[in-house]
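Chain by chain, the residues run as shown.
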2 protein chains.
Amino acid sequence: MSPVTNGRVIYNEIPTGFPVPGKTLIYDESQTIDLDKEPLHGGILVKVLVLSIDPYQRHRMHDPSIPSYFPAFTVGTPLENDGVGVVVRSENPKYKKGDHVYAMFPFQEYVVLRDAQARVIDNKEGLSWSAYVGVCGMPGKTAHHGWMEYAHPKVQKGDVVFVTAASGAVGAIVAQLAKAEGVKVIASAGSDEKVDYVRSLGVDVAFNYKKVSTREVLQKEGPVNIYWDNVGGESLDAALEFAAQKATFVICGMISSYNVDEPYNVKHLQQLVWREITFNGFLYTSLISKYADEFYKTMPGRVAKGEIKYKEHLVKGLENSAQALLDVLQGNNFGKSSIIVSED
Amino acid sequence: MSPVTNGRVIYNEIPTGFPVPGKTLIYDESQTIDLDKEPLHGGILVKVLVLSIDPYQRHRMHDPSIPSYFPAFTVGTPLENDGVGVVVRSENPKYKKGDHVYAMFPFQEYVVLRDAQARVIDNKEGLSWSAYVGVCGMPGKTAHHGWMEYAHPKVQKGDVVFVTAASGAVGAIVAQLAKAEGVKVIASAGSDEKVDYVRSLGVDVAFNYKKVSTREVLQKEGPVNIYWDNVGGESLDAALEFAAQKATFVICGMISSYNVDEPYNVKHLQQLVWREITFNGFLYTSLISKYADEFYKTMPGRVAKGEIKYKEHLVKGLENSAQALLDVLQGNNFGKSSIIVSED
């Protein structure tokens, strides 16, 4: 077979503020690949099907001289994130042609993986492949692992849980895990349509934070025993102001401050002392060894049965990756955002 | 005996910003008490010797309609805090004349205590009575209980501990407890004289945060594994910026934000996520049942032996209480501030 185009999304320069499609990230078709002859060196050749788009990718677009747990993307090389692909050729006995694998991929159509970090997905439930980068992927693990580690041991009958970005990939799952504990769940989202969706997940109070003041909602519906923070800023401030004594805050993300030089001034931090509040900042990667086996055993089944609902925002074509990331950072997506690189 | 004057410090109005001597707090000599005839109703009559002055008293000067773990002081009644006094008369068999007792007292010369909340101090080590509102009182318990609960289980060989307000009543004890664990201790204070004192406690790095940038010190001497926060604001921000992965922050106080409408904007809160940081806000009162017995068994002895050093700032006369509190809030005291109401 003659070589085919191998489209890629190149990380072109470090952004200030929001990434700019065509500037920060550039779609490039200059490379080709010969699917029959490309050397594998004992690895596997994968045709990429789905790539995940997540807010934390913005965090990797920093000056590489600043030490960070998340290594900076390298300018001039492809963007990266979790994805699902299908094995085209294999020189590794752990994988065979036609296997579907979950791994960290560069944003390109065909990828050679030399190490054996890819996980074969058996998918006996017949979920869509995109589910494996969403409800059964990183966002699902983030919600599940974080909830199990920090919230589940603390939650008590009669508690009030407040979840921000509750229509988002992580927040929607957290809201459902909280409801499954039998507590009152307050959830915020950024449009009336998203609020309707969040309400359909069974939460008790859902509101559009762009129309209704978070602090007024919490003053009426709180105090808050468990706060799941995906956004930081004004929501965190309101949760501090109306926190219950000995409240638990699970700090999963602070999307409101990722693209600004001067973040919102959180004025109620001294409540940490007076209300004896605990903040648990976390990355799901540190919890994988403790919770991932149980997650893969239970989550696909709960999703297939409809116990855990999810919503996807699927964008076709690798060339639309930059806009998709910008939309996620600006809250324009509705549901877990993923790029459909190719059909199965 | 004829009645004697019973001087008091009245909480006169809710302050905005710093309390104002003669306005927020007024010294009053209008009341008298007959020490022989004052009815005790089964309680004890105590001559107050020492009263503690602490930053948290400012926190109780709020609008009482705002619910708070610390009840607001009642306008028109005396200021309150921990103190030590000597029993003048007793109708309670648990106490006898001449016993020294530790209790929460109103700021006045003679007090009738009706309930049996006072703790008799045996003081076999012969410490000064003021030590029992300082290194062996609330600040000592705050340092000890908080360290034991949140820092001691986490601290590891090679760790770096950063303590703010390290010449203060709590900070100086925390710095010594940290050094006793064999780790590197960085300590900040607000004058060169205080820095010399902190250095004399054996810390590894001591600096005057008014002359040297906290972030530059931490950039050079960090990253910080355990941060003990007494001040909040800029110090907290620097500790976040130069926190080690999975750092533990013990949030004991935020004195920098108690008297301002718009606190310093802490810009690095998203480090909570990327560095997987835990904030433990706490009040020592919640830890008393777990640690107080061990504290009273060990701390007076460690102090008597000189293992734990302390410094006092003793102010004579109840009439100087308001200025003493203002000095504490503005950092003008040096050592644990207490009012000597009367000699033993």
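Refer to the structure above for everything that follows.
About the criteria used
Residues numbered from 1 in each chain as written. Chains lettered and ligands numbered in written order. Predicted model: local features only at pLDDT ≥ 70, side-chain atom pairs only at ≥ 80, totals over all residues. Heavy atoms only, no water. Contact = heavy atoms within 4.5 Å. Buried area = accessible area lost by both parts, 1.4 Å probe. Salt bridge = Lys/Arg side-chain N within 4 Å of Asp/Glu carboxyl O. Polar contact = N/O pair within 3.5 Å; in protein donor to acceptor, adjacent residues only side chain to side chain. Helix = DSSP H or I, 4+ residues; strand = E, 2+ residues; numbered from the N terminus. Nonpolar A, V, L, I, M, F, W, Y, C, P; charged D, E, K, R; others polar. Pairing = 2+ DSSP bridges. Axes fitted to C-alpha atoms, helices over the stretch in contact; angles between N-to-C directions. Right-handed = clockwise from strand over helix to strand, strands pointing away. Buried < 20%, exposed > 50% of the residue type's maximum accessible area, 1.4 Å probe, protein only. Phe/Tyr/Trp six-rings, centres within 6.5 Å; stacked < 30°, edge-to-face > 60°. Lys NZ or Arg CZ within 6 Å of the ring centre and 35° of its normal.

Structural notes on the interface of chain A and chain B
Each partner contributes to the interface: chain A provides 35 residues, whereas chain B provides 35 residues. Carbon and sulfur atoms supply 60% of the area that chain A and chain B bury against each other, a total of about 3,000 Å² over both sides. Applying the counting criterion to the chain A and chain B interface returns 0 salt bridges. The tally of links between chain A and chain B comes to 13 residue pairs in polar contact (both at pLDDT 80 or more). Mapped by element, the contributors of at least two residues to the side of chain A that touches chain B are α1 (56-59), β14 (243-251), α7 (271-274) and β15 (278-281) of chain A. Among the elements that make up the side of chain A that touches chain B, the one with the highest residue count is β15(A) (4 residues). Residues of the side of chain A that touches chain B, tallied by class, amount to 20 nonpolar, 10 polar and 5 charged. Sheet topology note: the β15(A)/strand β15 (residues 278-281) of chain B ladder contains 3 bridges and is antiparallel. Looking across to β15(B), one finds that N280(A) is bridged to T278(B).

What about the sheet that holds strand β13 (residues 224-229) of chain A?
Strand order across the open sheet formed by 12 strands is β12(A)-β11(A)-β10(A)-β13(A)-β14(A)-β15(A)-β15(B)-β14(B)-β13(B)-β10(B)-β11(B)-β12(B), with mixed pairing between neighbours. Each edge of the open sheet carries a strand with a single partner, namely β12 (205-208) of chain A together with β12 (205-208) of chain B. The mean inter-strand angle of the sheet, taken between neighbouring strand axes irrespective of direction, is 15°. Where strand β10 (residues 160-163) of chain A lies against strand β11 (residues 184-189) of chain A, 4 bridges are found, and the strand directions are parallel. Bridge pairing in β11(A) places V161(A) opposite V185(A). Sheet strands in contact with helix α4 (residues 192-200) of chain B are β11 (184-189) and β12 of chain B, and its direction is about 170° off that of β12(B).

A short note on the pairing of strand β16 (residues 312-316) of chain A
Residue and element names in this part refer to chain A. With 5 bridges connecting them, β16 and strand β17 (residues 336-340) associate as parallel partners. Bridged to V315 within β17 is I339. Handedness of the β16-helix α9 (residues 321-330)-β17 crossover: right-handed.

As for the pairing of strand β2 (residues 8-11) of chain A
Residue and element names in this part refer to chain A. The side-chain alternation of β2 yields two buried faces, one formed by R8 and I10 and the other by V9 and Y11. Inspection of the sheet shows β2 paired to strand β3 (residues 25-28) by 4 bridges, in the antiparallel sense. Considered in β3, the bridge of V9 is made with Y27.

Digging into the packing of aromatic side chains
To describe a pair of aromatic rings, one takes the distance between the centres and the angle between the planes. Summed over all chains, the structure comprises 21 aromatic pairs over all chains. Ring geometry for Y11(B) versus F73(B): centroids 5.7 Å apart, planes at 65°, classification edge-to-face. Taken together, the residues Y11(B) in strand β2 (residues 8-11) and F73(B) in the loop between α1 (56-59) and β6 (80-90) connect sequence positions 62 residues apart. With respect to class, Y11(B) is no different from F73(B); both count as buried. Above the plane of the ring of F334(A) lies K311(A), whose end atom (NZ or CZ) is 4.7 Å from the centre.

Overview of unusual backbone geometry
At the junction of G222(A) and P223(A), the peptide bond is cis and its omega measures out at 0° in the coordinates. Of note, the phi angle at N123(A) is positive, near 50°, even though the residue is not glycine. Tracing the backbone through its elements, the reader meets N123(A) in the loop between β9 (119-120) and α2 (138-151). At H41(B), a position not held by glycine, the phi torsion is positive, near 50°. Structurally, the position occupied by H41(B) is in the loop between β4 (32-33) and β5 (44-52). On the accessibility criterion, H41(B) (56% relative accessible area) is exposed.

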